[in-house]
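The lines below spell out each chain.
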Amino acid sequence: MFGFGRQKSSPASEEADAEASASGRGERVQSSNDGQKGRLAGAIARAAKQDKPSSRMFSRLKEAVARTSAVLNADINDLVVGRSEIDEDLLEELEIMLVSTDVGVPATRRIIRSLKYSIDRHQASDADAFLVAIRKELHALLARNNQPVRQAAPGRPQVILMVGVNGVGKTTTIGKLTKQLQAEGNSVMLAAGDTFRAAAVEQLQVWGERTDVPVVAQQMGADPASVIFDALETATANGVDVLIADTAGRLHTKANLMEELKKVARVMKKLDPDAPHEVMLVVDATTGQNALHQAEQFHQAVPLTGITMTKLDGTAKGGILFAISEALDVPIRFIGIGEQVEDLRHFDPDEFLSALLGP
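Fair warning: this is a prediction, and the values are worked out from it, not measured in the lab.

J.: Summarise the packing of helix α7 (residues 127-143) against helix α13 (residues 320-327); cite the residues concerned and give the values.
T.: Running from amino to carboxyl end, α7 crosses α13 at an angle of 55°, the nearest separation of the two axes being 8 Å. If you check the angle between α7 and α13, you find them oblique. Here α7 and α13 pass one another in a crossing that is left-handed. Packed against α7, whose contacting residues are L138, L141 and L142, the element α13 presents L321, F322, S325 and E326 at the interface. For the contact of α7 with α13, the per-class residue count stands at five nonpolar, one polar and one charged.

J.: Run through the pairing of strand β6 (residues 306-310), naming residues and quoting values.
T.: Across the five residues of β6, five count as buried, placing the element largely inside the fold. Here β6 shows two buried faces, one formed by G306, T308 and T310 and the other by I307 and M309. Crossover strand β5 (residues 278-284) to β6 through helix α12 (residues 289-301) is right-handed. The pairing of β6 with strand β7 (residues 332-336) spans three bridges and is classified as parallel. Residue pairing for β7: T308 is matched across the bridge by F334. With α13 bridging β6 and its parallel neighbour β7, the resulting β-α-β unit is right-handed.

J.: Summarise the packing of aromatic side chains; cite the residues concerned and give the values.
T.: Following the criterion strictly, the structure yields two aromatic pairs and no others. Grouping aromatic residues by their ring pairs yields a cluster made of F322, F347 and F352. The ring of W207 carries R210 above its face, with NZ or CZ at 4.6 Å from the centroid.

J.: Tell me about α7, and please be specific about residues and values.
T.: For the α-helix, the turn length of 3.6 residues means that residues three or four positions removed from each other point alike. With 17 residues, α7 ought to run about 24 Å at 1.5 Å a step, and its terminal C-alpha atoms sit 24 Å apart, in line with that. For α7, the full list of buried residues reads A127, F130, A133, I134, E137, L138, L141 and L142. At its buried positions, α7 is contacted by α4 (66-80), α5 (88-100), α6 (105-120), α13 and α14 (349-357). Here α7 starts with a cap whose side-chain oxygen sits 3.1 Å from the backbone nitrogen of D128, and that cap is D126.

J.: Go over the sheet that holds strand β4 (residues 242-247) with me, naming the residues and quoting the values.
T.: One open sheet accounts for eight strands, arranged β3-β2-β4-β1-β5-β6-β7-β8; its pairing is mixed. At either end of the open sheet lies a strand with only one pairing partner, and these are β3 (215-216) and β8 (344-346). Taken together, the three bridges between β7 and β8 define a ladder with antiparallel strand orientation. Looking across to β8, one finds that G336 is bridged to L344. Sitting on the sheet, helix α8 (residues 170-183) is in contact with β1 (158-163), β2 (188-193), β4, β5, β6, β7 and β8, with an inclination near 175° to β4.

J.: Any details on the pattern of salt bridges? Residues and values, ideally.
T.: Two side chains of opposite charge can pair, provided their charged atoms sit close to one another. Applying the stated rule across the entire model yields twelve salt bridges. E326 is the salt-bridge partner of R144, the closest N and O atoms lying 4.0 Å from each other. On the criterion of sequence distance, the pair formed by R144 in the loop between α7 and β1 and E326 in helix α13 is long-range, its members being 182 residues apart. With a relative accessible area of 35%, R144 lands in the partly exposed category. The class for E326 is buried, based on a relative accessible area of 17%. The residue K170 makes a salt bridge to D246 at a minimum N-O spacing of 2.7 Å. Placement of the pair is K170 in helix α8 and D246 in strand β4, with a sequence separation of 76 residues. You'll find K170 and D246 in the same group, each marked buried.

About the thresholds
- Residues numbered from 1 in each chain as written.
- Predicted model: local features only at pLDDT ≥ 70, side-chain atom pairs only at ≥ 80, totals over all residues.
- Heavy atoms only, no water.
- Axes fitted to C-alpha atoms, helices over the stretch in contact; angles between N-to-C directions.
- Helix = DSSP H or I, 4+ residues; strand = E, 2+ residues; numbered from the N terminus.
- Parallel < 35°, antiparallel > 145°, perpendicular 65-115°, else oblique.
- Left-handed = near helix turned anticlockwise from the far one by under 90°.
- Contact = heavy atoms within 4.5 Å.
- Nonpolar A, V, L, I, M, F, W, Y, C, P; charged D, E, K, R; others polar.
- Buried < 20%, exposed > 50% of the residue type's maximum accessible area, 1.4 Å probe, protein only.
- Right-handed = clockwise from strand over helix to strand, strands pointing away.
- Pairing = 2+ DSSP bridges.
- Phe/Tyr/Trp six-rings, centres within 6.5 Å; stacked < 30°, edge-to-face > 60°.
- Lys NZ or Arg CZ within 6 Å of the ring centre and 35° of its normal.
- Expected span 1.5 Å × (residues − 1).
- Polar contact = N/O pair within 3.5 Å; in protein donor to acceptor, adjacent residues only side chain to side chain.
- Salt bridge = Lys/Arg side-chain N within 4 Å of Asp/Glu carboxyl O.

Written out as structure tokens, the structure is:
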């Protein structure tokens, strides 16, 4: 087990203490890297390059989204193929089908409105053209949120703040992401900011041992902001490339816990005004519309910059990706399609739609 940071047993680790600690320290020694070395953006780019040429990995994706495809793809084809006319009745049936597969009402209305426009202009007047038009609309929905990952200043760690409720696979995602960042050549440190559950700290420490990276942790019940402050301070002083900070698997409906999350983000800025550089929400695809509600609530508390959707291989509710993309101007960074490290995949709209809607 790795043990950076102070081991505290008193309640002195409150925000005021963190702020005082921050104000009494000057600039840290700059690390020898160039401040842009790989990091999260590099890991995403590397994953994208590796994913596309691999027929084996594409087959894994296709297999993972098979349940969603069996509902969405099969129903669309059954609805359209054999029709002699693309009319209002077809659009109504398609609207009902999209809503029932967790694409959501707002996204569905956008799609139907665009399709009706194409039909009126005779651009989707037969079955084949209509299917192409549907794919185009779905792709536009997924590709509209493509903001790049923010980079840290030279000599400072890129801070990834991981948020999400219990049970979505947040800790496992942290471990897999750590491996991918290491493969890109980054040094990584983890911060055990979920101090409300002893098991959460232990799980993160297990991943630290597996990946041979240091984990900054304090005792159960410690102030999460203080833990993450210590971690950022240590990562900066040691020239670490990426700091991944875990947070409590708080219920998005608990206002006091969401306020604690805001505090964590606020305290980090005492050391680095740009931190966190990525606020990554992890959601579980099997929860359907509840995943959208979680995303909206977390986005209000601490503006999200990326989303990872896990467990796509265990659900027919993969359509929730479209609902989230419609509701939030936040890019989908990764999707989880299995237990292996490589099953945390860079999200590529073209690849996803090919797996979902292909034969």
